[in-house]
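Fold and geometry: a report
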Amino acid sequence: MGRSPATTKDDAQALFHSLRSAYSATPTNLKLIDLYVVFAVFTALIQVGYMAIVGSFPFNSFLSGVLSCVGTAVLAVCLRIQVNKENKEFKDLPPERAFADFVLCNLVLHLVIMNFLG
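The name given to the protein in an unreviewed UniProt entry is Dolichyl-diphosphooligosaccharide--protein glycosyltransferase subunit DAD1, with the source organism recorded as Cynara cardunculus var. scolymus. On record in UniProt, under Subunit (unreviewed entry), the comment for the protein is "Component of the oligosaccharyltransferase (OST) complex." Under the Pathway (unreviewed entry) heading, UniProt states for the protein: "Protein modification; protein glycosylation."

Spelled out as structure tokens, the structure:
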């Protein structure tokens, strides 16, 4: 049949503990990028919640704001992948180049979003 709730709870606690101990070994620069991604996603969720409560009269503005947050979060995840030293695929890419790509892509993203606003 099923597992008892006590063993499921123990398994969940063990999983949480192992994830937390593994994340504590993550370098500080990657933790900062993670924090930035969480902030961008949280901002998008706040905008969606505001739209649900108040309405989305200027729909272009709502869409631009949410797409800006989501696009920035996606670009930050790409930056995190490129900067991570454990990732062997980008081992020859210097972090400065990855950051320059991030800034340039953010500039293009926000120029498109400003154009979409009208």
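Considering the pattern of salt bridges
Counted according to the given criterion, the structure contains 2 salt bridges. Note that Arg80 and Asp34 form a salt bridge whose closest N and O atoms lie 2.5 Å from each other. A residue pair is termed long-range when its members are at least 10 positions apart, and Arg80 in helix α3 (residues 59-83) and Asp34 in helix α2 (residues 28-54) qualify at 46 residues. Given the relative accessible area of 22%, Arg80 is considered partly exposed. Among the salt bridges present, the one from Asp101 reaches Arg97, with a minimum N-O distance of 3.3 Å. Pair noted here: Asp101 and Arg97 are both in helix α4 (residues 95-117), with a separation of 4 residues, about one helical turn. Looking at Asp101, the relative accessible area reads 26%, which means it is partly exposed. The exposure class assigned to Arg97 is partly exposed, which follows from its relative accessible area of 47%.

Here we look at α2
In this model α2 runs 38 Å from its N-terminal to its C-terminal C-alpha over 27 residues, within 8% of the 39 Å that 1.5 Å per residue would give. Burial in α2 covers these residues: Leu30, Ile33, Asp34, Val37, Ala40 and Ala44. A positive phi of about 120 degrees marks Gly55, the residue just after α2.

Thresholds, definitions, all that
- Within every chain, residues take consecutive numbers counted from 1 along the sequence as written.
- It should be noted that, the model being predicted, local features are given only for residues of pLDDT at least 70 and side-chain atom pairs only at 80 or more, the latter also being counted only at that level, while totals for whole chains, interfaces and linings use all residues.
- Each side-chain value is worked out from all heavy atoms of the structure, with water and hydrogens disregarded.
- UniProt positions are given in the numbering used here, feature names are shortened, and annotations may be inferred rather than shown by experiment.
- Any carboxyl oxygen of Asp or Glu that lies within 4 Å of a side-chain nitrogen of Lys or Arg is treated as forming a salt bridge with it.
- Each helix is a run of DSSP H or I of at least 4 residues and each strand a run of E of at least 2, with the numbering of both proceeding from the N terminus.
- Each residue's exposure class comes from its accessible area (1.4 Å probe, protein chains only) as a fraction of the maximum for that residue type: buried when under 20%, exposed when over 50%, partly exposed otherwise.
- For a helix, the expected span equals 1.5 Å multiplied by the number of residues minus one.

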